[in-house]
Amino acid sequence: MAASGATLMTVMDISRVTARAHIPQGDAALLRIGDRANIAVPELDQPVEGKVVLVSPALDPNSTTVEVWVQAKNPKQVMKPGSSVRLSMISEAIPAALVVPASAVLTGADGATTVMVGWR
């Protein structure tokens, strides 16, 4: 016999999930609703594609970060509420851009950046 007002069950539809992240204000300023995003889950070989659905207009007063929500379909319902995932959001895509590994970018004492190139 359940007590009056006690919750007997919770029904959840996890066919779509929302991942929330707190990111620095400067990075959040580059994002727009509808921007592409990926949710990486250890149980899946490939990241799940999603979209930015919310960029909070307010800063978190404790961390001065901005909350961003990414929503995606949940294939095979692998992602569970409360799970940790890794988010990557794409604020702008530049076609035919030259891409180098981050380890090849060197920052000098004066703040100038250079790229190390190896020849074979």
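Further up the page is the structure itself.
Just so it is clear, the model here is predicted, and its values are computed rather than measured.

Its boundaries defined by the atoms lining it, the largest pocket holds a volume of some 330 Å³. Around the largest pocket, the lining is made up of 16 residues, and of these T18, A19, K80, G82 and S83 lie nearest the centre. The dominant element in the lining of the largest pocket, judged by the number of residues it contributes, is strand β1 (residues 16-24), at five residues. Across the lining of the largest pocket, the residue classes break down as eight nonpolar, four polar and four charged.

Turning to the side chain of D35, a few remarks are in order. Inspection of the secondary structure assignment puts D35 in the loop between α1 (25-28) and β2 (36-40). Of the polar contacts made by the side chain of D35, one reaches the backbone nitrogen of R32; its length is 2.7 Å.

Judged by pairing direction, the sheet is antiparallel, and its five strands sit side by side in the order β1-β4-β3-β2-β5 without closing on themselves. Edge positions in the sheet fall to β1 and β5 (86-89), since each of these pairs with one other strand and no more. Direction aside, neighbouring strands of the sheet carry axes that sit 35° apart on average. Bridge count for strand β3 (residues 48-59) against strand β4 (residues 65-73) is six bridges, and the pairing is antiparallel. Counted as the bridge partner of K51 is Q71 from β4.

Thresholds, definitions, all that
- Residues numbered from 1 in each chain as written.
- Predicted model: local features only at pLDDT ≥ 70, side-chain atom pairs only at ≥ 80, totals over all residues.
- Heavy atoms only, no water.
- 1 Å grid on protein atoms, 1.4 Å probe; cavity = no way out; pocket = protein on both sides within 12 Å on 5 of 7 lines; lining within 4 Å.
- Points joined across faces, edges and corners; volume = space filled by probe spheres on them.
- Helix = DSSP H or I, 4+ residues; strand = E, 2+ residues; numbered from the N terminus.
- Nonpolar A, V, L, I, M, F, W, Y, C, P; charged D, E, K, R; others polar.
- Polar contact = N/O pair within 3.5 Å; in protein donor to acceptor, adjacent residues only side chain to side chain.
- Pairing = 2+ DSSP bridges.
- Axes fitted to C-alpha atoms, helices over the stretch in contact; angles between N-to-C directions.

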